[in-house]
Amino acid sequence: MTTYAGHVFPLSGVPAEEAWIGTPGDIAVDPRGGFFFTTSGQTPGIYHVSQAGILTHVAGPTTGDSYSGQFRPRTLAAGRDGSLIFSEDFRIRRRAPDGAISDIAGTGKAGYSRDGGPAISAMIGEVGALIIEPDGSVLFADIGDGEVTRIRRIGVDGRISTILGPTYTAVVEPGRPARETPLSRVHCLTMDHEHNLYIADSRVNRILKAHGNEVQVIAGGGTVAPGDGKLATSVSLSPLSLAVDSKGNVFVNDSNRIRRIRRDGVLETAAGNGTFSTAIDSGRATLVSVLPGSIAVTSDGAILISEPYRARIRKVTPNGMIRTVAGADPLGDKAPATHARLEPGAVAGDRKGNVFVTDRRNNRIRKVDARGIITTYAGNGKPASSGAGGSATSAGMAPRSIAVDKAGNLYFVDGDRIREVTTKGDVRTVAGNGTSGFAGEAGPAINAQLYLPAGLAVDEDGNLFLSTAHYIRKVSTKGIITTIAGTFQGFNGDGGPARRASLSQPQGLALDDDGNLFIADYGAYRVRKISPNGVISTIAGNGNWGVTIPLGDGGPATFASVRPMGIAVDRAGNVFITEPDTNRIRRIAVDGTITTVAGDGTRFWEDRSSSPLAPLPGPSALTIDAAGNLFVTTVSGLVRKMKLN
């Protein structure tokens, strides 16, 4: 089993500006060239971007396992020897140049241990920020109870000490004597080449400069709105990140701007116009919108800005121009499908080898061609249904199930409508008037009411079948809608006309070459079949389901416990079903036996291994192409591919 579409983490060896990087966090300049950054959420890790712009994964799980709680890097610093220092869960850790990771401070349990002992056995609080000193010692902001903060040092001998806090003495109001002030909520530290330490005290929104025992306020704490040309100590700031360049200019992330505090204490804007508007990827940095998180300054004076909200890292050159250096369009269009950010729902293929996926995250239908390149096939990103009669890529939609006929026309569920993308690229409605209900039987399908349509299938003649509520309905090639199965919610009717049978929340639909229609009767815990003569029967499921009930693998499918969602049939007549509740794909063979063919029953993130019995979280829709490849969507944002025997 391999990943066919959806972002595969971690990425390595690709241009950083073409890669989806997740949610970037802290940035650290690599003294040897390039920079490092952390990512969080679904894609925890530490990455490196070289001077040539190539992205490399350097630390963190290779599985993308966000459930394990094994790796949550936050603050980050890079050493001259190629090592990395980072914080994680009340610990400070070191990644050696050879990739080995070890703890250097903290026990993983929040607390406070006095100075003088080994840092590795000391209890510490939240690590708000950290930096590496020239001699290799590590300074970090230790935020304890009540957000009381100490600046502590891990010496080269491994012992812990405090250099500042929990209070400091400084002149905090011009014209008044120095006073003792609590230090709290420190999430920013940086140091210049003269060993001056800069600290952002977020509780009072001041930036401090410390050298030895001397502390002074260099910015913030005032009442004047910040602006170019103003004295930094007179303005009010909201410092969220700090950096300093080789000339001693201090940079601060403040209210969607990067501000520069010159050595003479005057404030000026280095990047950002203060708005939350759409990002422009190039141009004068002070004229575009930036939504900064962490910032860092390179040796040549360029500013690196992480933008978690926009999933990118941007660079302001010394001459004031901005561009993106890591992070690509989340859509990933016109790129390998494994670079795209998806929330796949349904999947279907055509006879040319193209695979179509509904992308719930982006309100689009995506197409992956035979080369593995993904593009937007339909949808403008807006969920409201619109655009009938026009171009499919300009239409608004919230697509769910899909099906493709032999001519290549694509049908999809959009609210209480069934819409079609023709081979010419236009979109039209083929069933449903947009209101929920059951009216319109035996009349034009476009005038009928539909109620929560779910699965779709289309036969060789072009008749369209849809599951809705507790019914299966058919739209003929003449556009007339009729009900072919279902009466009321429940289970009965096997061996008789499908129209008189009961169904319960039918979901996926599939047709075989003989015209048999297979139904994932989700609420009845069964797989049903309607033969071409209209007789309904059960081919799998005993009507019982639960975590303590045996699956029944290896025996007759009708004796087994099933809860099917998606369904597909191969050319040999084997029926495959997805079970999101058991995290499996199961096969009902032509001889009537049932087995698990993919998934180990756990909901952990995929380990991306080729084994079909690896974790497969929440498999939903599936389809099988003419070559015998099975494609399945999962809740982890991937489309996985498995070659059937």
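What counts and what doesn't
- Residues numbered from 1 in each chain as written.
- Predicted model: local features only at pLDDT ≥ 70, side-chain atom pairs only at ≥ 80, totals over all residues.
- Heavy atoms only, no water.
- Helix = DSSP H or I, 4+ residues; strand = E, 2+ residues; numbered from the N terminus.
- Contact = heavy atoms within 4.5 Å.
- Areas by Shrake-Rupley, 256 points an atom, 1.4 Å probe, with all protein chains shown as cover.
- Lys, Arg positive; Asp, Glu negative; His and termini not counted.
- Charge placed at Lys NZ, Arg CZ, Asp CG, Glu CD.
- Pairing = 2+ DSSP bridges.
- Axes fitted to C-alpha atoms, helices over the stretch in contact; angles between N-to-C directions.
- pLDDT = per-residue confidence, 0-100.
- Buried < 20%, exposed > 50% of the residue type's maximum accessible area, 1.4 Å probe, protein only.
- Phe/Tyr/Trp six-rings, centres within 6.5 Å; stacked < 30°, edge-to-face > 60°.
- Salt bridge = Lys/Arg side-chain N within 4 Å of Asp/Glu carboxyl O.
- Core = buried A, V, L, I, M, F, W, Y, C linked by side-chain atoms within 4.5 Å.
- Patch = residues over 30% accessible without salt bridge, like charges linked within 9 Å, V, L, I, M, F, W, Y side chains within 5 Å.
- Polar contact = N/O pair within 3.5 Å; in protein donor to acceptor, adjacent residues only side chain to side chain.

Scanning the protein from N- to C-terminus turns up zero helices and 53 strands. Taking the principal axes of its C-alpha atoms as reference, the protein extends roughly 95 × 50 × 40 Å. A separation threshold of at least 6 residues defines the contact pool for the protein, and within that pool the share at least 24 residues apart is 42%. With the model as given, the accessible surface of the protein reaches about 26200 Å², and the carbon-plus-sulfur share is 49%. Distance from the positive charge centre (68 side chains) to the negative charge centre (61 side chains) of the protein: 3 Å.

Another point: the sheet that holds strand β45 (residues 526–530). Strands sit in the order β43-β44-β45-β46 across an open sheet of four strands; the sheet is antiparallel. In the strand order of this sheet, the two ends are held by β43 (506–511) and β46 (536–540), each with one partner. The sheet shows a mean angle of 30° between the axes of neighbouring strands, taken without regard to direction. Where β45 and β46 come together, four bridges link them in antiparallel fashion. Directly across from Arg528, in β46, lies its bridge partner Thr538.

Glancing now at the confidence of the model for the protein. Residues shown with low pLDDT carry predicted positions that ought not to be read at fine detail. Confidence in the prediction for the protein averages 92 pLDDT; 96% of positions are at 70 or higher. Note on residues 63–69: pLDDT under 50 across the span, and 17 contacts to partners over four residues away in sequence or across chains.

Cis peptide bonds are those with omega within 30 degrees of zero, and the linkage from Gly165 to Pro166 qualifies with 10°. Counting through the fold element by element, Pro166 comes out in the loop between β14 (160–164) and β15 (167–170). The phi dihedral of Asn363 falls on the positive side, at around 55°, and the residue is not glycine. Summarising the element assignment, Asn363 is placed in the loop between β32 (355–359) and β33 (364–368). Owing to a relative accessible area of 14%, Asn363 belongs among the buried residues under this scheme. Residue Ala442 is not a glycine yet carries a positive backbone phi of 70°.

On to the packing of aromatic side chains. A full pass over the atoms with the stated rule returns eight aromatic pairs. Plain terms: the ring middles of Phe35 and Phe37 are 6.3 Å apart, the flat faces sit at 40° to each other, and that makes the pair tilted. For the pair formed by Phe35 and Phe37, the shared burial category is buried. Clustering of aromatic rings is evident, with ring pairs tying together Phe35, Phe37 and Tyr47.

Here we take up the pattern of salt bridges. One pass over the structure, following the stated rule, counts 32 salt bridges. Salt-bridge contacts for Arg314 lead to Glu307; the nearest nitrogen and oxygen are separated by 3.2 Å. According to the relative accessible area criterion, Arg314 is buried, its value standing at 0%. Where salt bridges share partners, they join Glu88, Arg91, Arg93 and Asp103 into one cluster.

The next subject is the sheet that holds β14. Picture the strands of a sheet paired through backbone hydrogen bonds; they go either parallel or antiparallel. In spatial order, the strands read β11-β12-β13-β14; together these four strands make up an open sheet with antiparallel pairing. On the outer flanks of this sheet lie β11 (126–132) and β14, each paired with one strand and no other. If you compare each strand with its neighbour and ignore which way they point, the axes differ by 30° on average. Pairing geometry for strand β12 (residues 138–143) and strand β13 (residues 149–154), over six bridges, is antiparallel. Paired with Phe140 across the two strands is Arg152, which belongs to β13.

Let us look at the pairing of β12. The element β12 is largely enclosed, with a buried count of six among its six residues. Where burial is concerned, the two faces of β12 agree: the one with Val138, Phe140 and Asp142 and the one with Leu139, Ala141 and Ile143 are both buried. Here β11 runs beside β12; their pairing, made up of five bridges, is antiparallel. Within the sheet, the bridge partner assigned to Glu126 lies in β12 and is Ile143. Between β11 and β12, which follow one another and run antiparallel, lie five residues, and Gly136 among them has a positive phi close to 95°.

A few words now on the nonpolar core. One finds Ile365, Ile402, Leu410 and Phe412 to be the most contacted residues of the largest nonpolar core, which totals 28 residues. Elements that contribute at least two residues to this core include exactly β1 (2–5), β31 (344–349), β32, β33, β34 (373–378), β35 (399–404) and β36 (410–414). For Ile402, the contacting residues outside a window of four places in its chain are Ala346, Val347, Ala348, Phe356, Val357, Thr358, Ile365, Leu410, Tyr411, Phe412 and Leu456. Within the second largest apolar cluster, 19 residues are counted, among which are Leu139, Ala141, Val186 and Val215.

What follows deals with a nonpolar patch on the surface. On the surface, Phe438, Tyr451 and Leu452 cluster together into a nonpolar patch covering about 290 Å² of accessible area. Position of Tyr451 among the secondary structure elements: in the loop between β38 (427–431) and β39 (453–458). Since its relative accessible area comes to 33%, Tyr451 is described here as partly exposed.

Mapped onto the fold, Arg259 is located in strand β23 (residues 258–261). Judged by its relative accessible area of 4%, Arg259 is buried. A distance of 2.7 Å separates the side chain of Arg259 from the side chain of Asp254, its partner in a polar contact. Among residues more than four places away in sequence, those in contact with Arg259 are Pro226, Gly227, Leu237, Val250, Phe251, Val252, Asp254, Leu267, Glu268, Thr269 and Ala270.

What follows is about the environment of Thr429. Tracing the sequence through the fold places Thr429 in strand β38. For Thr429, a relative accessible area of 23% gives the class partly exposed. The sequence separation of Thr429 and Val172 amounts to 257 residues, and the corresponding C-alpha distance is 68 Å. If near-sequence neighbours (up to four positions away) are discounted, Thr429 is found in contact with Arg417, Ile418, Arg419 and Ile446.

Tracing the sequence through the fold places Thr324 in strand β29 (residues 321–326). For Thr324, a relative accessible area of 9% corresponds to the buried category.

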